[in-house]
Amino acid sequence: MKAAANRYAVIIAYFLIYVVWGSTYYFIGVALEGLPTFLLGALRFSAAGAILLVLCRMRGENIWRSALIRRSAVSGIVLLFVDMAVIMLAQRYVSSSVVAIVASSTAIWIMLLDVPMWKRNLRRTSTVAGILMGFVGVGMLYVEQLRAEDSAVPHGEYGILILMAGCISWSLGSLYAKYRSSAVEEINGFAGAAWQMLSASLMFWICVILSGEWQEVSLRSVTLSARWALLYLITFGSLLAYSAYVWLLKVRPATEVSTHAYVNPVVAVIIGGLGGEEITAVQLVGLTVILGSVLLVNKKQ
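Residues numbered from 1 in each chain as written. Predicted model: local features only at pLDDT ≥ 70, side-chain atom pairs only at ≥ 80, totals over all residues. Heavy atoms only, no water.

A.B. asks: What should I look at first to understand the overall build of the chain in this one?
C.D. replies: Scanning the chain for helices and strands turns up 15 helices and 0 strands. Taking the intrachain contacts of the chain between residues at least 6 apart in sequence as the baseline, contacts between residues at least 24 apart amount to 87%. Surface accessibility of the chain: about 15100 Å² in total, with carbon and sulfur atoms responsible for 67%. (Helix = DSSP H or I, 4+ residues; strand = E, 2+ residues; numbered from the N terminus. Contact = heavy atoms within 4.5 Å. Areas by Shrake-Rupley, 256 points an atom, 1.4 Å probe, with all protein chains shown as cover.)

A.B. asks: How should I be thinking about the nonpolar core in this particular structure?
C.D. replies: For soluble globular proteins, nonpolar side chains are generally found buried alongside one another. Of all hydrophobic cores here, the largest spans 65 residues; its most connected members are Ile28, Leu40, Met84 and Phe204. Ignoring sequence-local partners within four residues, the contact set of Leu40 consists of Ile28, Ala31, Leu32, Leu35, Met88, Leu230 and Leu233. Counting residues in each nonpolar core, the second largest holds 12 residues, with Ile17, Trp21, Tyr232 and Leu248 among its members. (Core = buried A, V, L, I, M, F, W, Y, C linked by side-chain atoms within 4.5 Å. Buried < 20%, exposed > 50% of the residue type's maximum accessible area, 1.4 Å probe, protein only.)

A.B. asks: What is the right way to read the side chain of Ser96 from this model?
C.D. replies: Mapped onto the secondary structure, Ser96 falls in helix α4 (residues 96-103). Take Ser96: its relative accessible area is 2%, and that puts it in the buried class. Sequence-distant contacts of Ser96, that is, excluding residues within four places in its chain, are made with Tyr25, Tyr26, Gln91, Gly272 and Glu277.

A.B. asks: Looking at this structure, how should I read a nonpolar patch on the surface?
C.D. replies: Together, Val115, Trp118, Leu122, Val128 and Leu132 give the surface a local cluster of nonpolar side chains, amounting to about 420 Å² of exposed area. Within the secondary structure layout, Trp118 lies in helix α6 (residues 118-121). (Patch = residues over 30% accessible without salt bridge, like charges linked within 9 Å, V, L, I, M, F, W, Y side chains within 5 Å. Salt bridge = Lys/Arg side-chain N within 4 Å of Asp/Glu carboxyl O.)

A.B. asks: What is the right way to read the packing of aromatic side chains from this model?
C.D. replies: Two descriptors summarise a pair of aromatic rings, namely the distance from one centre to the other and the angle between the planes of the rings. For the structure shown, the criterion picks out 13 aromatic pairs. Here Phe45 and Phe204 contribute two aromatic rings whose centre-to-centre distance is 6.0 Å and whose plane-to-plane angle is 10°, an arrangement assigned as stacked. Placement of the pair is Phe45 in helix α2 (residues 37-58) and Phe204 in helix α10 (residues 190-211), with a sequence separation of 159 residues. The same class applies to Phe45 as to Phe204, namely buried. Consider the rings of Tyr93 and Tyr158, whose centres lie 5.8 Å apart with planes at 75°: the pair is edge-to-face. With a gap of 65 residues between them, Tyr93 in the loop between α3 (66-90) and α4 and Tyr158 in helix α8 (residues 156-178) connect regions that are remote in the sequence. By relative accessible area, which is 39% here, Tyr158 ends up partly exposed. An aromatic cluster is built from Tyr26, Phe27, Tyr232 and Phe236, whose rings are joined through pairwise contacts. A cation over a ring is seen here: Arg7 above Tyr8, with NZ or CZ 5.8 Å from the ring centre. (Phe/Tyr/Trp six-rings, centres within 6.5 Å; stacked < 30°, edge-to-face > 60°. Lys NZ or Arg CZ within 6 Å of the ring centre and 35° of its normal.)

A.B. asks: Explain the pattern of salt bridges to me, please; I cannot follow it from the model alone.
C.D. replies: For the structure on display, the rule yields 1 salt bridge. A salt bridge links Glu61 to Arg59; the nearest nitrogen and oxygen atoms lie 2.4 Å apart. When its relative accessible area of 22% is taken as the criterion, Glu61 is described as partly exposed.

A.B. asks: Explain the packing of α10 against helix α12 (residues 224-251) to me, please; I cannot follow it from the model alone.
C.D. replies: When two helices pack together, their arrangement is given by the angle between the helix axes and by the axis-to-axis distance. Relative orientation of the contacting elements α10 and α12 amounts to 140°, with a least axis distance of 10 Å. One element, α10, and the other, α12, form an angle in the oblique class. When the axes of α10 and α12 are compared, the crossing they make is right-handed. Residues Phe190, Ala193, Gln196 and Met197 of α10 pack against Ser238, Tyr242, Ser243, Val246, Trp247 and Lys250 of α12. Grouping the amino acids of the contact of α10 with α12 by side-chain chemistry returns 6 nonpolar, 3 polar and 1 charged. (Axes fitted to C-alpha atoms, helices over the stretch in contact; angles between N-to-C directions. Parallel < 35°, antiparallel > 145°, perpendicular 65-115°, else oblique. Left-handed = near helix turned anticlockwise from the far one by under 90°. Nonpolar A, V, L, I, M, F, W, Y, C, P; charged D, E, K, R; others polar.)

A.B. asks: Mind showing me how you'd approach the environment of Leu219 here?
C.D. replies: Mapped onto the elements, Leu219 comes out in the loop between α11 (213-216) and α12. Distance in space between the C-alpha atoms of Leu219 and Leu35 is 8.4 Å, their sequence separation being 184 residues. Excluding anything up to four places from it in sequence, Leu219 contacts Leu35, Leu39 and Arg227.

A.B. asks: Is there a simple way to explain the confidence of the model for the chain in this structure?
C.D. replies: Close inspection of predicted coordinates is inappropriate for parts of the model with low pLDDT. Predicted confidence across the chain gives a mean pLDDT of 84, with 89% of residues reaching 70 or more. Element-level mean pLDDT values for the chain span from 51 in helix α9 (residues 181-187) up to 95 in α2. (pLDDT = per-residue confidence, 0-100.)

In structure tokens, the structure reads:
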């Protein structure tokens, strides 16, 4: 019975990181209809981080270790804050489907920017082909946005450029963590995740104050749909899905867990279509090309 329970737990956890994480792209778009960009991030990660930290303390974890807080803060700011800020800013210009598709190219940037591994990785024809295919896929989406003059949200090309900058930033942060294995081991836990979210929320609050967003919106005027979307992002997106991701990394192979990167954009496109977003043929082809390139880049020798 214990084995069966563990099997069901793994299935549920994969559902959370496959489907729920994929759906967050759409719900971010819904939340942005009633909340400014930085305020959304501040509210989401303040609530989720505080709740998770309390739960960790209730489980008896030592949450006040200075090394844990310091390393988690760096990780939270470099990875979580930058990544989510980029995604939310980009969704001011392009649909959640396009955001998810371009974001899936991060694996290509990691491979390209991992200079110490060039000699090993770039000698493989499949890796070089995958990198080139990835750029072709992103380029297709960029050209489509340039030509979409009748789009309800102008300057869609800005969204693509913002996303590419975010992918590069996330990749550099991931590579920094990769070559600091002791730091990775320290922060890859529930308490570490909580401090990552709280650190990211602090940066979002600073942006809220500096940008004057807190003067632009009254919480009483926020639409009901935006409120529900924010609640979904806090509970399902940050608390459940991220906790499931952390737990899966402990009980399943990391390469297996990372397959969520292939599924998330597909889920995002499906949910975006169901939610009324326009899904074009170019986007579907771009999705296929980028996912194919990621598979080639990660192909084993």
